[in-house]
Amino acid sequence: MPNSVLWAVDLFGKVYTLSTAGQYWELCKDNRLEFKRVSAAMQCCWGIACDNQVYVYVCASDVPIRRREEAYENQRWNPVGGFCEKLLPSDRWQWSDVSGLQQRPLDGVALPSPHWEWESDWYVDENFGGEPTEKGGWTYAIDFPATYTRDKKWNSCVRRRRWIRYRRYKSRDTWAKIPSKDDPKQLPDPFNDLSVGGWEITDEPVGRLSVWAVSLQGKVWYREDVSHPNPEGSSWSLMDTPGEAVQISCGPHDLLWVTLWEGQALVREGINRNNPKGSSWSIVEPPTSENGIMHVSVGVGVVWAITKDRKVWFRRGVNSHNPCGTSWIEMVGDMMMVNVGLNDQVWGIGCEDRAMYFRQGVTQSELSGKTWKAIVASRESDRSHSGSSSSLLSAGCFFGDEVRGSGESCAPSDTDASLEAERLGPDQPVPAESVDGPRNPRDSLATGPGIGRTTEHAVEVTSLATPAPGPGLASTPAELPWTNIDLKEPKRAPSHSAAGFPETAGLSSLGLLPLGLEEPYGADDHSLWAWVSGGGCAVEAHSVLKWFTIQSGLSPSVQTLSLSITPAQTAAWRKQIFQQLTERTKRELENFRHYEQAVEQSVWVKTGALQWWCDWKPHKWVDVRVALEQFTGLDGARDSILFIYYVVHEEKKYLHVFLNEVTLLVPVLNETKHSFALYTPERTRQRWPVHLAAATEQDMNDWLALLNLSCCESRRVHGRPSPQAIWSVTCKGDIFVSEPSPDLEASEHMLPCDQMFWRQMGGHLRVVEASGRGVVWGIGYDHTAWVYTGGYGGGCFQGLASSTSNIYTQSDVKCVYIYENQRWNPVTGYSSRGLPTDRYMWSDASGLQECTKAGTKPPSLQWTWVSDWSVDFSVPGGTDQEGWQYASDFPHQTPGFCFLPLCRKCKLVTTGPWLEVAPITLGDVSIIPESPDANRSGHSIALWAVSDKGDVLCRLGVSELNPAGSSWLHVGTDQPFTSISIGACHQVWAVARDGSAFYRGSVSPTQPAGECTPPGGSPAVVSRDEGGNLWYRQGVTPSYPQGSSWEHVSNNVCRVSVGPLDQVWVIANKVQGSHGLSRGTVCHRTGVQPREPKGQGWDYGIGVSGASPCQVPGRRPSGLAQTLQSQDPRPQGEGGEDPSRSSCPAPSRVNSR
């Protein structure tokens, strides 16, 4: 989870931020202003100060915000003086904008506000269309509306040139006032509320925001042209409303709600990428007629509201197609306000205590959450005070006499004053020196800046201890009560004393003195909040936050208790406890070792109800009872048996599987079932696994974790994988690892691939790449790069099946695409009525499967939608303004018929031993496949990658101790690349987007990007073309590392990977077994020798039967490299063998260099 911040305003107008990775509130860097409310986005925050003016706070970044100003100088040719500044009356201005309609002299172009500064002076742009112009930058045309060229011709009657000047936004990390354009003839209309959102409506321009505001007169305003390059926007536009507005809330996408004085709510409809301001209003009635709506907050698909009786309400049925929702649901709690942030997470401020609360349990499947939990994070300033207090308290343990001596000379504390007042009685005056006298070091707390703001606020801080117990006081240490501040009537918290510890007298006046001098309330008082905004706070559903526990040191009672225990007493106490435990162990164990064990082995059984896929008629899911029996022998070895009890024709039968024979437990991609498959060597050869399904996702995860742990215990496989482990991922994104056996590459009695044991690791990836030195990288579906941390487990694997450290939150996002198809007819034009032979009017990319908006679900139940359906304008070939593409018929790409591509994003959040490598997103990655006994000689591990934009990158500083590396080195290319691979001899091969293969020479450990003589060695080079054919590069030698020609090896290959000893592994598309067909099968090339580099045959490993949804344990299933994916390089007439014995596709070509 990236670090993002929660913004809040306290009762005194100070703005604070709380990071998702932090545990303390930090005061805003620019704290000169006092604010009423704020509204935040990821990179900025808007606010209304106490002067009712709008301010924007733009967070600092390494990339400056720059805007280019342009002005055009226009001239016309005349026969006397040539080109000059004299123009015809019908011509444009001499200095104008690009259209020529607006006059724009250079000295008339001013900065829009004081928050900008000029980077340089005006200069002439001497480039035109990417090509240099003649000196002076002039471009010529027949007349001003005509087309300009950089060449002067005989009929060039006019010319112009562009002047450029850049301005930079300088007000970063500070509150910048938004310039007002009020009409001087009218009274000013200050703003009362504002809301920021709309960043998901469109990506153009970059960082575009919708800023809405409500004035004191009840009018709704919209800020035009707010984006990352223009953080202030340009002007305010008045929006017509059917009533007087009070408060407004704008969501990240297209939701906008407004509360009215009458208690109703307005909903803006028609908001889209072409019309971000919307088109019309709809009225929503309040939940009850007695109490209208006073506050509302919206997210992507949720609406929360507060009524005038402070009750919290949730709006049901809200989405982009129905922004008004359907009905109200009352929630628990009384709140002053609520705010919906990113991922529809909710924060609120309590009505009575003014504390801040976070809504726990908010997920895409349960948007209303489960419960409110108070945020008790302290402020940064309190931590420094707590540190000074705790250091003084700890010093008291060693210098007790000095502290006591100083305490005896100190004036009485607040508690002393209150006790004196009680003794004098309510009618007798309190002596001035007891409360207001300058001798009391607590006086400044009552007269400090926080209290001096208003006489209605009363703040009291109770001292840690008193010199002696008074009448009616408790004799045990007590926790400090939080001070309760009410705006209408000041209240005083009851005073408590900690009697029985005379050593601590006077410490309160020494340790807590700075608190009242610097803060409006003490460190032990909870902060009092007025407003909160979570628009820039990204909290995932399974994130672990540090906001709910006090991290600022010991509680007052524990601090007081620590003063009475000396280090000598602590050491003696520990020694005594250790001696007692030693004697107990000897008494309970040593004296009974000669007895024989009563039970030779222990048996443990777990039962449950699952569903089992019956592979014979009637071919359906059957309800079964399962029992896992685990027994432990005298030697401590554990083994398990899984029994499956089912009924066929009223006859009870069962299956049993020995878990020491299980080779794989894999979740199955299924839209309707929480299912998983169980493989043994025999069932792998048959392509006939055992399929089981659970009623809920939690039940499936529990069974998967338990069965995986039992399999690992039976095989005695524990801990993190070895550096030589073989890694793989499925098409579902699950990650598996297998420990290689020495018999795997043996020439005699070779271990078959179907006996390899695969265990699942936590996390979710699309690509995994490993080296022989334990460095593992992965790439998610959203192109985010991840590095392996050295842990194991995560996700559904908890407890003994997971490590306690190096497990982090991991998220992944993928897009689901559907297509709306239309056919043209002469009467109505394009319509959704097609021919009987046409594809579905709503289909997938192939047109063979019907896919509607309502019927299309995420890939599995673990994924949740995070956006609505939107038109994809970035498809290859381009679209029109509405997103349509046209073809003569559906299989062709020429005009005649049209289809509209739609995409929707879904998100998965899990945990695993992976850390994100920011900030560049990757499309492919390759790590050098070094063997374990290779001479490392202190060099870093070579790692090359291709970004999602096609740039070639080399990672520097990668090692076993620093697997993430330090920085990226860009390697220049003349075209974008798609795939890359580095071999064991530092030879880099890559494939461009057009299918051409490239070889990178002059690469060594000391020069990772080149510049030296190539080292020796001749690794095996294999490639896979777009048709699934596998090729071997002939003639690769140290003197000629490019090789000479391609030789066909096999076809029907999805992925390929080569190891440090030239081991070849592939993922075959289809493999036939005795009982079924499997897709995504791991295959090992056998017979690979120096004299037979292409090998002799295939050994088939794990794969998934076609009877269930496809699961592919593939994509570089080892610490291997040297992988290419290019066009088909096979000459005409060549053939080869096939792992599945299927036919070869048509050949094409490839270029190497």
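An unreviewed UniProt entry lists the protein chain under the name Tectonin beta-propeller repeat-containing protein 1, with Canis lupus dingo as the source organism. Here is the UniProt Sequence similarities (unreviewed entry) comment for the protein chain, exactly as written: "Belongs to the TECPR1 family." The record in UniProt for the protein chain states the following under Subunit (unreviewed entry): "Interacts with ATG5; the interaction is direct. Interacts with WIPI2. Interacts with the ATG5-ATG12 conjugate, the interaction is however mutually exclusive with ATG16, since it does not interact with ATG12-ATG5-ATG16 complex."

Some words on the overall build of the protein chain
Looking only at helices and strands, one finds eleven helices and 70 strands in the protein chain. Looking at the protein chain as a whole, 51% of its 1153 residues are labelled buried. Contacts in the protein chain between residues far apart in sequence, at least 24 positions, make up 58% of those at least 6 positions apart. Accessible surface for the protein chain amounts to roughly 54,400 Å². Of this, 51% is attributable to carbon and sulfur atoms.

Regarding the UniProt feature "domain: Peroxin/Ferlin" (unreviewed entry) in the protein chain
Residues annotated by UniProt as "domain: Peroxin/Ferlin" (unreviewed entry) correspond here to residues 64-125, 137-170, 811-872 and 883-909. Split by type, residues 137-170 is 0% helix and 44% strand. Its first and last C-alpha atoms lie 30 Å apart.

A look at the sheet that holds strand β5 (residues 44-49)
As summarised here, the arrangement of the four strands in space is β4-β5-β6-β16, forming an open sheet in which the pairing is antiparallel. Lying at the two open borders of the sheet, with one neighbouring strand each, are β4 (35-40) and β16 (175-177). Looking at each pair of strands side by side, their axes are set apart by 30° on average, direction ignored. Across three bridges, the pairing between strand β6 (residues 54-58) and β16 is antiparallel. The partner of Tyr55 across the bridge, within β16, is Lys177.

Here's the deal with the sheet that holds strand β42 (residues 735-738)
What the three strands build is an open sheet, ordered β41-β42-β43; its pairing is antiparallel. Taken across any chain shown, the strands that pair with only one partner, and hence form the sheet edges, are β41 (726-729) and β43 (759-761). In this sheet, adjacent strand axes meet at a mean angle of 35° when their direction is disregarded. Where β41 lies against β42, four bridges are found, and the strand directions are antiparallel. Opposite Ile726, over in β42, you have Ser738 as the bridge partner.

With respect to the side chain of Arg37
By secondary structure assignment, the location of Arg37 is in strand β4. In terms of polar contacts, Arg37 uses its side chain to reach the side chain of Asp193, at 3.2 Å. Every residue in contact with Arg37, bar those within four places of it in the chain, is listed here: Val9, Trp46, Gly47, Ile48, Asn192, Asp193 and Trp531.

Quick notes on helix α11 (residues 697-715)
For an α-helix, 3.6 residues make a turn, and residues three or four places apart therefore share a direction. The end-to-end C-alpha separation of α11 is 27 Å, in line with the 27 Å expected for 19 residues at 1.5 Å each. With 14 of 19 residues buried, α11 is to be regarded as a mostly interior element. Trailing α11 by a residue or two, Arg716 shows a phi angle of about 55°, which is positive.

Re the environment of Asp51
Mapped onto the secondary structure, Asp51 falls in the loop between β5 and β6. Sequence-wise, Asp51 and Phe191 are 140 residues apart; in three dimensions their C-alpha atoms are separated by 9.3 Å. A polar atom in the side chain of Asp51 sits 3.1 Å from the backbone nitrogen of Gln53.

Some details on the side chain of Asp30
Looking at where Asp30 falls in the secondary structure, it is placed in the loop between β3 (24-27) and β4. Residue classification places Asp30 among the buried positions, given a relative accessible area of 8%. Within polar-contact distance, the side chain of Asp30 engages the side chain of Arg32 at 2.8 Å. Polar side-chain contacts of Asp30 include one of 2.9 Å to the backbone nitrogen of Trp175. With near-sequence residues (within four places) excluded, Asp30 lies in contact with Tyr57, Asp173, Thr174 and Trp175.

Side note on the packing of aromatic side chains
For the structure shown, the criterion picks out 35 aromatic pairs. Aromatic side chains Trp257 and Trp328 sit 6.1 Å apart centroid to centroid with 85° between the ring planes, which places their arrangement in the edge-to-face category. Taken together, the residues Trp257 in strand β22 (residues 256-260) and Trp328 in strand β28 (residues 327-340) connect sequence positions 71 residues apart. Each member of the pair, Trp257 as well as Trp328, is classed as buried.

Notes on the environment of Gly790
With respect to the secondary-structure elements, Gly790 resides in the loop between β46 (785-788) and β47 (808-825). Judged by its relative accessible area of 14%, Gly790 is buried. Distance in space between the C-alpha atoms of Gly790 and Asn806 is 6.6 Å, their sequence separation being 16 residues. Beyond its immediate sequence surroundings of up to four residues, Gly790 is in contact with Arg720 and Asn806.

A word on a nonpolar patch on the surface
Judged by side-chain polarity, Trp573, Ile577 and Leu581 come together as a nonpolar surface patch covering roughly 320 Å² of accessible area. Within the secondary structure layout, Ile577 lies in helix α9 (residues 567-588). What makes Ile577 partly exposed here is its relative accessible area of 34%.

Describing the pattern of salt bridges
Enumeration over the complete set of coordinates arrives at 22 salt bridges. A salt bridge links Lys277 to Glu224, with the shortest nitrogen-to-oxygen separation between them at 2.9 Å. Residue Lys277 is located in the loop between β23 (265-269) and β24 (280-284), and its partner Glu224 is located in the loop between β19 (220-223) and β20 (236-239); the two are separated by 53 residues in the primary sequence. The partly exposed category is assigned to Lys277, whose relative accessible area is 25%. In this structure Glu224 comes out as buried when scored by relative accessible area, which is 16%. A salt bridge links Asp754 to Arg685; the nearest nitrogen and oxygen atoms lie 3.2 Å apart. In this pair, Asp754 is assigned in the loop between β42 and β43 and Arg685 in helix α10 (residues 681-686), connecting sequence segments 69 residues apart. Given a relative accessible area of 41%, Arg685 falls into the partly exposed group.

Concerning the nonpolar core
With 34 residues, the main nonpolar core has Leu6, Trp7, Trp25, Trp175, Trp347, Ile375 and Trp547 as its most contacted residues. Broken down by element, this core gets its largest block of residues, four residues, from strand β1 (residues 5-10). With residues near it in sequence (within four places) discarded, Ile375 still touches Leu6, Leu18, Trp347, Met356, Tyr357, Phe358, Trp547 and Phe548. Counting residues in each nonpolar core, the second largest holds 31 residues, with Val917, Val952, Val958 and Ile982 among its members.

A look at the pairing of strand β38 (residues 664-667)
Of the two faces of β38, the one carrying Leu664 and Val666 and the one carrying Leu665 and Pro667 are both buried. Relative to strand β39 (residues 674-679), β38 is paired through four bridges, and the arrangement is antiparallel. In the strand pairing of β39, Leu665 is matched with Leu678.

Examining the confidence of the model for the protein chain
Chain-level pLDDT for the protein chain is 75 on average; 74% of the residues reach the 70-or-more range. Predicted confidence is poor over residues 386-519, with pLDDT under 50, and the contacts of this stretch with residues over four places away or in other chains come to 177 contacts. In this model residues 1105-1153 is a low-confidence stretch, pLDDT under 50, and it forms 216 contacts with partners more than four residues away in sequence or in other chains.

With respect to unusual backbone geometry
Most peptide bonds take the trans form, and the phi angle of most residues other than glycine is negative. Note that the residue after Ala918, namely Pro919, is joined by a cis bond; omega there is 0°. Examined against the element boundaries, Pro919 turns out to sit in the loop between β54 (914-917) and β55 (922-927). Here the phi dihedral of Arg310 falls at roughly 70°; this positive angle occurs in a residue that is not glycine. On the secondary structure map, Arg310 appears in the loop between β26 (303-307) and β27 (311-316). The class of Arg310 is partly exposed, set by a relative accessible area of 24%. A positive phi angle, close to 55°, is found at Arg716, a residue other than glycine.

So, how was this worked out
Residues numbered from 1 in each chain as written. Predicted model: local features only at pLDDT ≥ 70, side-chain atom pairs only at ≥ 80, totals over all residues. Heavy atoms only, no water. UniProt positions renumbered as here; feature names shortened; annotations may be inferred. Helix = DSSP H or I, 4+ residues; strand = E, 2+ residues; numbered from the N terminus. Buried < 20%, exposed > 50% of the residue type's maximum accessible area, 1.4 Å probe, protein only. Contact = heavy atoms within 4.5 Å. Areas by Shrake-Rupley, 256 points an atom, 1.4 Å probe, with all protein chains shown as cover. Pairing = 2+ DSSP bridges. Axes fitted to C-alpha atoms, helices over the stretch in contact; angles between N-to-C directions. Polar contact = N/O pair within 3.5 Å; in protein donor to acceptor, adjacent residues only side chain to side chain. Expected span 1.5 Å × (residues − 1). Phe/Tyr/Trp six-rings, centres within 6.5 Å; stacked < 30°, edge-to-face > 60°. Patch = residues over 30% accessible without salt bridge, like charges linked within 9 Å, V, L, I, M, F, W, Y side chains within 5 Å. Salt bridge = Lys/Arg side-chain N within 4 Å of Asp/Glu carboxyl O. Core = buried A, V, L, I, M, F, W, Y, C linked by side-chain atoms within 4.5 Å. pLDDT = per-residue confidence, 0-100.

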